[in-house]
Amino acid sequence: MSNTPAKPDPIAQMEKIVSLCKRRGFIYQSSEIYGGCGGVWDYGPLGAELKRNLRDAWWRAMTRDREDVVGLDACILMNPAIWKASGHVDTFADMMRECTLTNKRVRADHVEPQSGTVMQFSGVKSPSGWSINRQITVLMKQGEHIESFRKRVRAMLAMTGGPAAGKPEELELLDEQKIDVVNGSVDFHPESGGALGESRPFNLMLRTYLGPTATEADVTYLRPETAQAIFAQFKNVYESSRVKVPFGICQIGKAFRNEVTPKNFTFRSREFEQMELEYFIKPDEAVEIISGEVAQWTEGADLSEPKANWGWDMWHRYWVDQRTKFYQSIGLGDVLEYYWQTPADLAHYARACVDILCEFPFGTEELEGIAARGEFDLGSHQKHSGKSQEVFDEELKLAAAKLTDEQKEALIQKRLAAENAKTKGEPMPEADVRAWFDRLFKGNYVPHVIEPSAGLDRMALAVIAKAYEEFTKTDEKGKSETITVLRFHPRVAPIKCGVFPLLKNKPELVAKAREVYNLLKPHFNCFYDETASIGRRYARQDEVGTPFGVTIDFETLGEKGPELQDTVTVRERDTNAQHRIKVSELLGWLQARL
RNA sequence: GCGGGUAUAGCUUAGUGGUAAAGCUCCAGCCUUCCAAGCUGGCUAUGUGGGUUCGAUUCCCACUACCCGCUCCA
């Protein structure tokens, strides 16, 4: 047997994975018999099992195994006011204009005025045969040399055209014309100079009507993320669950976005499933009052157990660590990468955000984002709903009561200095800061939040892509064939164990095999198969990632003596190793390895 | 959305302006004492809608979906 590594060609690799997913019932195109439906995918029998295993693993790790996190299962439809408060109505429904040259989009109300000469071409042609036959209008910026302008236009067109367009220097710009000279025009892309198209809305949220009359007054949205329901129900959960800050609320559910370009199989879909935790913590000032200090992160700090003196930074790193451990537990440990967003990347309300990325055939892409969002979300809902989202913290009140006025003022001054040092967003006015401290000293605050937010469909795709392996097997006669194996971690494998009678036409073997199958079936997903040769049945299970196979043979029936009676062959997917196990010990043996 | 490409069976591919081919898979039967064995038989396809034509899977147009690039961030 010779092993050859999988072909490095990423496109071919993805095509193989897509094909396998369909062939073996993991993932199908939605609405296929009607020609499909853009950007949505269905999970077949094995995909559904895989996804459920991942979902269950997440739920267990995030809530059942912990004392400080509770679950929530909120509706997809909510009062549209939630999406105003969250900012989604604004950021997801901007009027956008698209650059006709590079197709880059800018917000219609944010175009910087440009000055220069308006140039026009009737099209572009490449020796490769590629061409564009529409009018191309580009602004030659003030002071730009005509030759460097042409070079720039060719480069952008080559970029837009992709490989088909060929080398930029070989592109021929047709019928160059000077059209006009403009001053302070907002009709050209600030970077490319390309003419901007019509202003039109980009509604990234899926609109729907709640109520049968379907008037404009009934408009709401399918949620673009699950998190907002957690914030909106924060007070209910807090008051009904006997939880105290720090604690978390987690939720798994569908979310919807009108992605401009769904792509990379299920990676960017319009309907997808999110697994989100909102972990509520005390503001650093409260931690400082109670503990006298806020623990500072240092490389290698112990993150295994939360400490009372942790501020948002430590909590944030704690959750990155927790999530990393989770990915290790489902077999993705060695394909992860981390991207710490720079201050420039961060949204104005975010303090830090780490992307957990994973290697896919099409590149290294985000699986999960872990953001430290301060009090932005609950604060925003408090403001928009007019309902207090504060909690009362007895310990804080008692600790604050022991502070001297000077100590209190020092805390306020520290915060004011921090506000003034902000590079993004408006600093909070001093009066508001003082009002906030007044509430804080009485034990009241709006909790801050750490948000680990993962995509379940992405996770499933990552697990499949990671598990996918093919190699060439050559038998004694020199005949070779390509073998495909999904090396799923046993925890996530859709089928845990195959059960096979060695031969189909021996009723005793079949009967015994059915018996073993019925023994295992109540405990985990098993698959019984008596057709074809035993080797083929092993191969079939390898291809869907079943970690174990149990074969009932003549020794099971006692043919080779009583010591082997009622023992079966357990075959391991990854090593082909075979173990002789007593039927009475089989369930325990397997369970210890799942 | 813009540009490029693709669309034939469950999968991978062939082919033709005149009855659509193969391999694998799958199903049934026989056979088979551990890694896709063999034999026999069987099911299943030209993405959708128009047009040209006596006749279109083939030529033309439109649509849809998918893939690649621009974009993106669960």
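Model, not experiment: these values are computed from the prediction. (Residues numbered from 1 in each chain as written. Chains lettered and ligands numbered in written order. Predicted model: local features only at pLDDT ≥ 70, side-chain atom pairs only at ≥ 80, totals over all residues. Heavy atoms only, no water.)

Caption draft 1: Seen up close, the nonpolar core. Membership of the largest hydrophobic core comes to 61 residues, with the highest contact counts inside it found for Phe26, Leu50, Leu54, Trp319, Tyr327, Ile330 and Phe488. Here this core gets 9 residues from one element, more than from any other, and that element is helix α14 (residues 456-467). Non-local contacts of Leu54, meaning those with residues more than four positions away in its chain, are made with Phe326, Ile330, Leu456, Met459, Ala460, Val463 and Val492. Among the nonpolar cores identified, the runner-up in size contains 40 residues, and Phe234, Phe280, Ala399 and Phe437 belong to it. (Core = buried A, V, L, I, M, F, W, Y, C linked by side-chain atoms within 4.5 Å. Buried < 20%, exposed > 50% of the residue type's maximum accessible area, 1.4 Å probe, protein only. Helix = DSSP H or I, 4+ residues; strand = E, 2+ residues; numbered from the N terminus. Contact = heavy atoms within 4.5 Å.)

Caption draft 2: Seen up close, the sheet that holds strand β17 (residues 336-340). Taken in spatial order, the 7 strands make up an open sheet running β3-β15-β16-β22-β19-β18-β17, and their pairing is mixed. Two strands in the sheet have a free side with no partner beyond their single neighbour: β3 (69-72) and β17. Averaged over all pairs of adjacent strands, the angle between strand axes in this sheet comes to 20°, irrespective of strand direction. With 9 bridges connecting them, strand β18 (residues 352-360) and strand β19 (residues 363-374) associate as antiparallel partners. If you follow Cys353 over to β19, its bridge partner there is Ala371. Those strands touched by helix α2 (residues 45-64) are β3, β15 (247-256) and β16 (271-281), and its axis lies near 160° from that of β15. Along the sheet, α14 contacts β16, β18, β19 and β22 (448-455); its crossing angle with β22, the most-contacted strand, is approximately 50°. (Pairing = 2+ DSSP bridges. Axes fitted to C-alpha atoms, helices over the stretch in contact; angles between N-to-C directions.)

Caption draft 3: How the structure looks around helix α17 (residues 583-591). Turning to α17, its buried residues are Val583, Leu586, Leu587, Trp589 and Leu590. Taken down its axis, α17 places every buried residue within 165° of arc, on the same side. Buried residues along α17 sit in contact with β25 (497-501), α15 (507-520), β27 (548-552), β28 (567-572) and β29 (578-582). (Arc of directions from axis to C-beta.)

Caption draft 4: Helix α10 (residues 376-385), seen in detail. For α10, the full list of buried residues reads Asp377, Leu378, Ser380 and His381. Down the axis of α10, the buried side of the element spans an arc of 160°, and every buried residue falls inside it. Against α3 (81-85), α6 (227-232), α7 (234-240), β16, β19 and β22 lie the buried residues of α10. One or two residues past the end of α10 sits Gly386, with phi positive at roughly 75°.

Caption draft 5: The arrangement of the pattern of salt bridges in detail. Counted according to the given criterion, the structure contains 40 salt bridges. Salt-bridge contacts for Glu176 lead to Arg150; the nearest nitrogen and oxygen are separated by 2.7 Å. In this pair, Glu176 sits in the loop between β10 (172-174) and β11 (177-185) while Arg150 sits in helix α5 (residues 146-161), placing the two residues 26 residues apart along the sequence. Assessed through its relative accessible area of 31%, Glu176 is described here as partly exposed. On the basis of relative accessibility, which here comes to 22%, the residue Arg150 falls in the partly exposed class. In this structure, Glu451 and Arg373 form a salt bridge, with 4.0 Å as the shortest nitrogen-oxygen distance. Of this pair, Glu451 sits in strand β22 while Arg373 is found in strand β19, placing the two residues 78 residues apart along the sequence. Like Glu451, the residue Arg373 is buried in the burial classification. Three or more residues joined by partner-sharing salt bridges are found here, namely Lys51, Arg55, Glu273 and Asp457. (Salt bridge = Lys/Arg side-chain N within 4 Å of Asp/Glu carboxyl O.)

Caption draft 6: Seen up close, unusual backbone geometry. Note the cis peptide between Val245 and Pro246, where omega equals 5°. Its location among the elements puts Pro246 in the loop between α7 and β15. In this structure, Ala214 is a non-glycine residue whose phi angle is positive, near 50°. Assignment of secondary structure puts Ala214 in the loop between β13 (206-209) and β14 (219-222). Accessibility expressed as a relative area gives 37% for Ala214, which makes it partly exposed. One non-glycine residue with positive phi stands out, namely Phe265, at about 60°. Considering the arrangement of structural elements, one finds Phe265 in the loop between β15 and β16.

Caption draft 7: Local environment of the packing of aromatic side chains. Evaluation of the coordinates by the stated rule reveals 25 aromatic pairs. Arranged with centres 5.6 Å apart and planes meeting at 40°, the rings of Phe437 and Phe441 form a pair that is tilted. On the criterion of helical spacing, the pair formed by Phe437 and Phe441 is a turn pair, its members being 4 residues apart in helix α13 (residues 430-441). For the residue pair Phe437 and Phe441, the accessibility class agrees, reading buried in each case. Ring geometry for Tyr517 versus Tyr528: centroids 5.8 Å apart, planes at 55°, classification tilted. Placement of the pair is Tyr517 in helix α15 and Tyr528 in strand β26 (residues 526-528), with a sequence separation of 11 residues. One residue, Lys408, lies across the ring of Phe441, its end atom 5.0 Å from the ring centre. Above the face of the Trp589 ring, Arg593 is positioned so that its terminal group lies 3.6 Å from the ring centre. (Phe/Tyr/Trp six-rings, centres within 6.5 Å; stacked < 30°, edge-to-face > 60°. Lys NZ or Arg CZ within 6 Å of the ring centre and 35° of its normal.)

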